[in-house]
Amino acid sequence: MNKLFSPFKLGDIELANRVAMAPMTRARITNTQDAADDDTALYYAQRASAGLLITEGSQISRQGQGFLFTPGIYSKSQVEGWKKTTQAVHDKNGKIFIQLWHVGRMSHTSLQPDGGAPVSSVAKSAVNGHCFAIDEQGNPGRVAVSEPEELTLEGIEQIKQDFVQAAKNAMEAGFDGIEIHGANGYLLEQFINASLNTRQDIYGGQTIENRARLTLEIVDAIVAAIGSGKTAIRLAPFGRFGDMHPFEQEEETWLYIAGELSKRNLAYVHLSDQKTLGAQAIPDGFIEKFRTTYQGPLIIAGGFDKEKAEQYLQEDKLDLVAFGQPYIPNPDLVERMQNDWPLAEADREVYYGGDQRGYTDFPSYEVN
Ligand SMILES: Cc1cc2nc3c(=O)[nH]c(=O)nc-3n(C[C@H](O)[C@H](O)[C@H](O)COP(=O)(O)O)c2cc1C
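The notes below deal with the structure included here. Not measured: the values here are computed from a predicted model.

### Some details on the overall build of the protein chain
- The helix and strand tally for the protein chain stands at nine helices and 14 strands.
- If one aligns the C-alpha atoms of the protein chain with their principal axes, the spans along those axes are about 60 × 50 × 35 Å.
- Of all 368 residues assigned to the protein chain, the portion counted as buried reaches 59%.
- A total of about 14700 Å² of accessible surface is found on the protein chain, and carbon and sulfur atoms cover 48% of it.
- Looking at the protein chain, you have 34 positive and 50 negative side-chain charges, and the mean spots of the two groups are 3 Å apart.

Given below as structure tokens:
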């Protein structure tokens, strides 16, 4: 029996199918409040037939921002902006989680409060790291990331509070849940990765427990604020984005986190395989180990098509399959896969920034 289009109970909600839309930054926000707007609402509503929509990364604070034109979830006007999206998606019986994002060192002084330095586990820049900020000529553009400052314990406490407040804001905005962005070389990975995190304190490099501490404390604080059934996390085991390097006990680290998350009865854990984005794949056999250790609902993204999705579901490697790039030009991806209609392709030029073109103007498939 086909599983991809069968319903699934995820945390507190019922999903119509096992298709998730992966979080994708589209950098289309041009208002000065960094608030999701009518176009954002239209874009997600067009894709509401997915069992679960996961929004683009939404910064939890000014400090957490690493790209221009991304929507935040820390101010009143941002909460009001996101309400348009949740309303539009729910009107179409869709379900939507928001991804809570802190980029850590992958930022630039032009994006930071008072033009200050970005923050990280240690004061070390990402080699060849770039972000999208204001360049030396004062124009939006791709710039090298700025040298970060090592977070103090007070700074870490503030970030935990910012995550919790963002999760509460997300509830006020009407989201069905939140996904903590623990993947792709951003703040939480900057703590987890032992090749970078050489701190000497309880958040530091000495032990796996110390390096995982910030991630798990944020999970626990958000669970306490909004409930475990509304809380999820995305991880990128063996991820190499943002100048992340291999380290000793890498597999043990990810499996330790898997085991800890398994105790917490979360809505889901979402693994990001970076292969289709140009980095290495999650090693063969690791997903099976992760799934044995973490026994709750599992989503995986990266390089799926309908056939591979169904195969992974049949082999019980996961519970939901997330599609990223296929969702950019195929708002009706579920219907296209269900009916074996052809998939449209998008030019990479339209991925980030710009206007409605390449954003909300991809049509649904029309049968002649
Ligand atoms: C344009 C674009 C923006 C992305 N933005 C995010 C993001 O904000 N947060 C995140 O966790 N992953 C992000 N990703 C990664 C995707 O969620 C997904 O893991 C990746 O595209 C692999 O899936 P695919 O092979 O189906 O495209 C982005 C990918 C693309 C192509």
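### So, the nonpolar core
- Formed by 78 residues in total, the largest nonpolar core has its most connected members in L100, I222 and L261.
- If you look at the next biggest cluster of nonpolar residues, it comprises 16 residues, including L15, F97, L320 and A322.

### Some words on the layout of surface pockets
- Roughly 1300 Å³ of volume is contained in the largest pocket.
- The wall of the largest pocket is formed by 45 residues, among which F67, Y186, F241, L277 and Y352 lie closest to the centre.
- At the level of secondary structure, the elements contributing two or more residues to the lining of the largest pocket comprise β5 (96-101), β7 (130-134) and β14 (320-323).
- Sorting elements by how many residues they give to the lining of the largest pocket places β7 first, with three residues.
- For the lining of the largest pocket, a count of residues per class yields 22 nonpolar, 17 polar and six charged.
- Here the second largest pocket is characterised by a volume of approximately 310 Å³.
- Lining of the second largest pocket is provided by 19 residues; of these, P326, N330, L343, A344 and E345 occupy positions nearest its centre.
- Sorting the residues of the lining of the second largest pocket by element identifies α8 (306-314) and α9 (333-339) as the ones contributing at least two each.

### Some remarks on the packing of helix α1 (residues 38-46) against helix α2 (residues 76-91)
- Direction vectors running N to C along α1 and α2 enclose 25 degrees, while the axes themselves pass 8 Å from each other. When the interaxial angle is binned, α1 and α2 end up roughly parallel. Helix-helix and strand crossings are classified by hand; for α1 and α2 the assignment is right-handed. Taken together, the residues of α2 that come into contact with α1 (itself represented by D38, T40, A41, Y44 and A45) are W82, K84, T85, A88 and V89.
- Its residues assigned to classes, the contact of α1 with α2 shows six nonpolar, two polar and two charged.

### Re the site of the ligand
- Neighbouring residues of the ligand: 20 residues in total, closest P23, T25, R234, T276 and G303.
- One nitrogen or oxygen atom from the side chain of Q99 is found 2.8 Å from a nitrogen atom belonging to the ligand.
- Taking G303, its main chain carries an N or O atom lying 2.7 Å from an oxygen atom of the ligand.
- Computed on the free molecule, the ligand has an accessible area of 610 Å², of which 95% lies beneath the protein chains in the complex.
- Among the detected pockets, the ligand sits in the largest pocket.
- Grouping the amino acids of the shell around the ligand by side-chain chemistry returns nine nonpolar, ten polar and one charged.

### Structural notes on empty space enclosed by the protein
- All told, the structure shown has one cavity of 30 Å³ or more when counted by the stated rule.
- Estimated volume of the largest cavity: approximately 40 Å³.
- Listing elements by their share of the lining of the largest cavity, those giving two or more residues are α4 (187-192) and α6 (250-262).
- A per-class count over the lining of the largest cavity returns five nonpolar, two polar and three charged.

Conventions adopted
- Residues numbered from 1 in each chain as written.
- Predicted model: local features only at pLDDT ≥ 70, side-chain atom pairs only at ≥ 80, totals over all residues.
- Heavy atoms only, no water.
- Helix = DSSP H or I, 4+ residues; strand = E, 2+ residues; numbered from the N terminus.
- Buried < 20%, exposed > 50% of the residue type's maximum accessible area, 1.4 Å probe, protein only.
- Areas by Shrake-Rupley, 256 points an atom, 1.4 Å probe, with all protein chains shown as cover.
- Lys, Arg positive; Asp, Glu negative; His and termini not counted.
- Charge placed at Lys NZ, Arg CZ, Asp CG, Glu CD.
- Core = buried A, V, L, I, M, F, W, Y, C linked by side-chain atoms within 4.5 Å.
- 1 Å grid on protein atoms, 1.4 Å probe; cavity = no way out; pocket = protein on both sides within 12 Å on 5 of 7 lines; lining within 4 Å.
- Points joined across faces, edges and corners; volume = space filled by probe spheres on them.
- Nonpolar A, V, L, I, M, F, W, Y, C, P; charged D, E, K, R; others polar.
- Axes fitted to C-alpha atoms, helices over the stretch in contact; angles between N-to-C directions.
- Parallel < 35°, antiparallel > 145°, perpendicular 65-115°, else oblique.
- Left-handed = near helix turned anticlockwise from the far one by under 90°.
- Contact = heavy atoms within 4.5 Å.
- Near = heavy atom within 4 Å.
- Polar contact = N/O pair within 3.5 Å; in protein donor to acceptor, adjacent residues only side chain to side chain.
- Sits in = over half its atoms within 2 Å of the grid points.

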